[in-house]
Amino acid sequence: MSLYLTSRFDDGETIILKITNMAGKSDFTIWTVIAAVSLAALLSGLPAAAAESAQVPEGVGVVLGGGGARGFAHLGVLKELERLRIPVACIAGTSAGALIGGIYANGLPLDEMESEFNAADWDQLLAGKPARASIPYDRKRNDYKNYLDASFGLKGGELRLPRGAINSQGIEMYIHKMTRDRDIDSFDKLPIPFRAVAADLLTGDAVVFDKGSLAHALRASMAVPGAFDLVEDNGQLLVDGAIARNVPVQEVKGRCAKRVIVVDVGAPLMKADEIQSWFDVVAQSSNLAVMRNVREQMKRLDKGDVVIRPDLTGYTAASFSDHEAIVKRGEAAARSMDKQLSVFSVSEEQYAAWKQRLSRPRYPVLDEIKVQAKDGEFTKQAVLQESLTFTGPAVPVGMARNRLEEIFAGGEYDKLAYRVDSVSGRNVMTVMPVERGIGQNTLHFGLNLSSDTPGNSHFTLRAAHERTALNDAGASWRNDVAIGDEKSVNSEFYQPLWRDSPFFVAASLGLQQKPFRVFNDNHTVLGTLKNNALSGQLDAGVALGKYGEWRLGLYRQDNDYTLEQGDPNDFGGGIRFRDVGVQTRLVVDQFDNPRWPRSGYYFSGQLGAGLPSMGSEVNQKFYDLTGELAHTYGDFTARLTAKAKGNVDVRSEASVPQQLGGFLNLTGYQNGELLADRIGLARLMVYWRAASLPPVLGSGVYAGLSMEAGRVWGQNNLELQSRREGSWIPAGSLFLSADTILGPFFVGVGTARGGQLTGYIYLGVDY
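As named in an unreviewed UniProt entry, the protein is PNPLA domain-containing protein, taken from Chromobacterium alticapitis. Within the UniProt record for the protein, the comment given under Subcellular location (unreviewed entry) is "Membrane".

Laid out in structure tokens, this is it:
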């Protein structure tokens, strides 16, 4: 006869004490031994208990399917399983199911996981770009021109596109954080045994992760084809596991659990009357492929298993901003099945015994950081290694991850992946850089369209080219062209004094054709003049990192006004003059989104003066000031703007007039309808984000209004609207808009005192 006694430490480790040769002993002897062992256990701080009460229950297997944002329902289901005291023997997940299942299997408590999800900026994570406020200003200086939110590359004589519409750097760093960089030789050794499923893009076969970096496994399982970049692993090209095994029952049923709870959050098939667009056709085709492998997996279940399908009507795979509501749908679905689920419940003592093994994961502290790249594929290893050098013997992994994010924001890399290994008892971070796949020659294209009810329509096509890393100091050459109603060609050479130097010099040359329309009191065009301006600048400046830049330099502009439409007797002959002088400009840009900021601030201030001593034919001083502030209150955002622009102390009849009028720039007047020496505008925009868009299409749909006040001062050589001089003109608008990859699209209506009720359609707008 043998006697077994068990005891458990707080960290989940179990000690089993076996006492043999008890056969034939008296009851008194047996109870004496038990008492002695129990006393020893109490004195050593170990609670003694009967085997049955401390025994860890077998538990059920949990299968969490893929479904994008709909997968947040898994969190709600797991919360209900905990409420019902249902122990989990093992978890298998695909895509979003792998994310939530893997984090939970790693021991992170559900309330902490939920707090992390609520605090995350999902729009930013899925935008595929660093937070704009952290990007060096030199990379975001053209954000206010309406270029497509996509880059094309020229490399090896070919036009190149990124392999994914959304860069995965942000979401990868987030997964590393949530998994606490767990790297283990078997996922069976996690607090809850776990499997993640991805798919081989070359064969379509399922690829099951059962060891290694947990973050790497989750990232591969979530690599939605065409959206996120694929994951390379041991010669395989891996994508989202949904195309192979969206509900991986076979990784649980009969392998690590007899009974299974399946949570299926896949989108249901659409009915015939719901398929109305090409987008619906593509979505239905994808759902059909996934549905087939789901049905095959469901055949493995029997009557003792439970399938939970939360009601997620109204939520799509892209509804990440609705994650809190989706979690509640998961809770409600599980709660409605209490009767079926309760058969898996255990006693409080047994559940507590199971729960003890869910030890909270800890962040590693790094002893070494090294850079590793494929031979011949990386030319800046020493520079990157230097950037990742820290003082002190140990580095918190969060600090190193923040440094990687700062380097990534510089734009030289497509990815800065990493892993953390334990080598001889030391934590070593290995950084695996991937340089820009589209190369250093990039192209951008854009389009501006506008139309209003007075019958004016305009369009402008844009194209830009940038060549970076021209030398070791990081010089760049930028060119942009616009054709249509606005015509311009500009080229700039930008040279830092040394690598990572804040000081730089820049030289630029440009040609611009700008129209000036003259209106009468009835808002009718009397004539149109065009100014052909050839300009050049030579600047020295200081880059202010992510905040902005300051420049000081010389400029020259040769202006040539010609009459394109109208009576020459009303406007006189052409005007030509040369303006040469000195100017300075300060820009500070901390908007989170240049088109639809929800937080941040922006300032641009330019001052200059013509200098006859340098050959200028005009003697004037000019200013161009813009200040903006945005803040979000709940679901509403307020954006306050103030603009002032003009010429002062003009000592010549020749000058460039300032323009005011147009949608959101004194709505109710036509574009540039008010001309004067000086203009001012104050505007408050209030908008509500009515819906989100998939990241590959844009950010959101908005509804809002504007309240504006504009003023003009001074009458110039074109004999303009002096009747409006000296008084503030109130104006306002109502609008619907969408922030798309093509630019901000507006449909609006507005009016102003002295103006007219006007409807507007805009793609890309200077506001």
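Counted according to the given criterion, the structure contains one disulfide. Two residues, Cys90 and Cys256, share a disulfide whose sulfurs are 1.9 Å apart. Judged by the torsion about the S-S bond (80°), the Cys90/Cys256 disulfide is right-handed. Here Cys256 lies in the loop between helix 10 (242-245) and strand 13 (260-263) and Cys90 lies in strand 4 (residues 88-94), a separation of 166 residues in the sequence.

Time to look at the sheet that holds strand 18 (residues 413-423). Spatial ordering of the open sheet is given by 16-19-18, a layout of three strands whose pairing is mixed. A single partner strand is all that each edge strand has here, and the edge strands are strand 16 (368-371) and strand 18. Looking at each pair of strands side by side, their axes are set apart by 20° on average, direction ignored. Sheet topology note: the strand 18/strand 19 (residues 426-435) ladder contains 10 bridges and is antiparallel. When the sheet's bridge partners are listed, Ala417 is paired in strand 19 with Met432. Sitting on the sheet, helix 16 (residues 397-409) touches strand 16, strand 18 and strand 19, and the angle it makes with strand 18 is about 160°.

Its location among the elements puts Ser336 in the loop between helix 12 (323-335) and helix 13 (338-341). Here the side chain of Ser336 touches Ala333 through a polar contact of 2.6 Å, landing on its backbone oxygen.

Mapped onto the secondary structure, Asp485 falls in the loop between strand 22 (476-484) and strand 23 (487-496). Owing to a relative accessible area of 30%, Asp485 belongs among the partly exposed residues under this scheme. Along the backbone, Asp485 and Asn448 are 37 residues apart, and their C-alpha atoms lie at a distance of 9.7 Å. Ignoring any residue separated from it by four or fewer positions in sequence, one finds Asp485 in contact with Ser457, His458, Phe459, Thr460 and Pro515. Polar contacts involving the side chain of Asp485 include one to the main-chain amide nitrogen of Phe459, which spans 2.7 Å.

The next thing to look at is helix 12. For helix 12, built from 13 residues, the straight-helix expectation of 18 Å at 1.5 Å per residue is met to within 8% by its first-to-last C-alpha distance of 18 Å. If you check which residues of helix 12 are buried, you get His323, Ile326, Val327, Gly330, Glu331, Ala333 and Ala334. Projected onto a plane normal to the axis of helix 12, the buried residues spread over an arc of 165° and lie on a single side. The inward-facing, buried residues of helix 12 contact helix 3 (73-83), helix 5 (110-119), helix 6 (122-127), strand 14 (306-308) and helix 13.

The next point concerns the pairing of strand 8 (residues 194-200). For strand 8, the tally of buried residues reaches seven of seven residues, placing the bulk of the element in the interior. The two faces of strand 8 match: Phe194, Ala196, Ala198 and Asp200 on one face and Arg195, Val197 and Ala199 on the other face are all buried. Where strand 4 meets strand 8, four bridges bridge the pair, whose relative direction is parallel. What sits directly across from Gly93, in strand 8, is Ala196. Pairing geometry for strand 8 and strand 9 (residues 206-209), over four bridges, is antiparallel. By the bridge assignment for strand 9, Ala196 is matched with Phe209. The hairpin formed by strand 8 and strand 9 contains five residues between the paired strands, and Gly204 there has a positive phi angle of roughly 85°.

Where strand 26 (residues 548-565) meets strand 27 (residues 575-589), 14 bridges bridge the pair, whose relative direction is antiparallel. Across the sheet, residue Leu554 finds its bridge partner in strand 27, namely Val582. The sheet contact formed by strand 27 and strand 28 (residues 600-610) spans nine bridges and is antiparallel. Within strand 28, the position partnered with Gly581 by the bridge is Gly610.

Another point: the packing of helix 4 (residues 96-105) against helix 5. Working note: a packed helix pair is described by the angle between its axes plus the distance between those axes. At their nearest, the axes of helix 4 and helix 5 sit 10 Å apart, and the two run at 135° to each other. The angle between helix 4 and helix 5 places the two elements in the oblique class. Crossing angle aside, the handedness with which helix 4 passes helix 5 is right-handed. Contacts between helix 4 and helix 5 involve Ile100, Ile103 and Tyr104 on the former and, on the latter, Leu110, Met113 and Phe117. Looking at the contact of helix 4 with helix 5 residue by residue, the class counts come to six nonpolar, no polar and no charged.

Before going further, it helps to examine helix 14 (residues 348-355). Of the positions making up helix 14, those classed as buried are Tyr351, Ala353 and Trp354. Viewed end-on, helix 14 has its buried residues packed into an arc of 155°, placing them on one side of the element.

Turning to a nonpolar patch on the surface, a few remarks are in order. On the surface, Leu544, Tyr547, Trp550, Leu552, Leu586, Tyr601, Phe603, Leu607, Leu625, Leu629 and Leu640 cluster together into a nonpolar patch covering about 940 Å² of accessible area. The set of elements that each furnish at least two residues to the nonpolar patch consists of strand 26, strand 28 and strand 29 (621-633). Top element by residues in the nonpolar patch is strand 28. It accounts for three residues.

Once that is clear, we can look at the pattern of salt bridges. In this structure the tally under the stated criterion is 46 salt bridges. For Asp338, the salt bridge is made with Arg83, and the minimal N-O distance between the two is 3.0 Å. Here Asp338, found in helix 13, pairs with Arg83, found in helix 3; they are 255 residues apart in sequence, far enough to count as distant. Note on Asp338: relative accessible area 22%, which makes it partly exposed. For Arg83, a relative accessible area of 44% translates into the label partly exposed. Here the salt bridges share partners, and the residues they tie into one network are Asp138, Arg141, Glu466, Arg478, Glu492, Asp539, Glu549 and Arg551.

We now examine the packing of aromatic side chains. For the structure shown, the criterion picks out 27 aromatic pairs. Consider the rings of Phe72 and Phe320, whose centres lie 6.0 Å apart with planes at 85°: the pair is edge-to-face. Taken together, the residues Phe72 in the loop between strand 3 (60-64) and helix 3 and Phe320 in the loop between strand 14 and helix 12 connect sequence positions 248 residues apart. Given a relative accessible area of 4%, Phe72 falls into the buried group. Its guanidinium or amino end placed over the ring of Tyr494, Arg478 lies 5.1 Å from that ring's centre, counting from NZ or CZ.

Cut-offs used in this document
Residues numbered from 1 in each chain as written. Predicted model: local features only at pLDDT ≥ 70, side-chain atom pairs only at ≥ 80, totals over all residues. Heavy atoms only, no water. UniProt positions renumbered as here; feature names shortened; annotations may be inferred. Disulfide = S-S within 2.5 Å. Helix = DSSP H or I, 4+ residues; strand = E, 2+ residues; numbered from the N terminus. Pairing = 2+ DSSP bridges. Axes fitted to C-alpha atoms, helices over the stretch in contact; angles between N-to-C directions. Contact = heavy atoms within 4.5 Å. Polar contact = N/O pair within 3.5 Å; in protein donor to acceptor, adjacent residues only side chain to side chain. Buried < 20%, exposed > 50% of the residue type's maximum accessible area, 1.4 Å probe, protein only. Expected span 1.5 Å × (residues − 1). Arc of directions from axis to C-beta. Parallel < 35°, antiparallel > 145°, perpendicular 65-115°, else oblique. Left-handed = near helix turned anticlockwise from the far one by under 90°. Nonpolar A, V, L, I, M, F, W, Y, C, P; charged D, E, K, R; others polar. Patch = residues over 30% accessible without salt bridge, like charges linked within 9 Å, V, L, I, M, F, W, Y side chains within 5 Å. Areas by Shrake-Rupley, 256 points an atom, 1.4 Å probe, with all protein chains shown as cover. Salt bridge = Lys/Arg side-chain N within 4 Å of Asp/Glu carboxyl O. Phe/Tyr/Trp six-rings, centres within 6.5 Å; stacked < 30°, edge-to-face > 60°. Lys NZ or Arg CZ within 6 Å of the ring centre and 35° of its normal.

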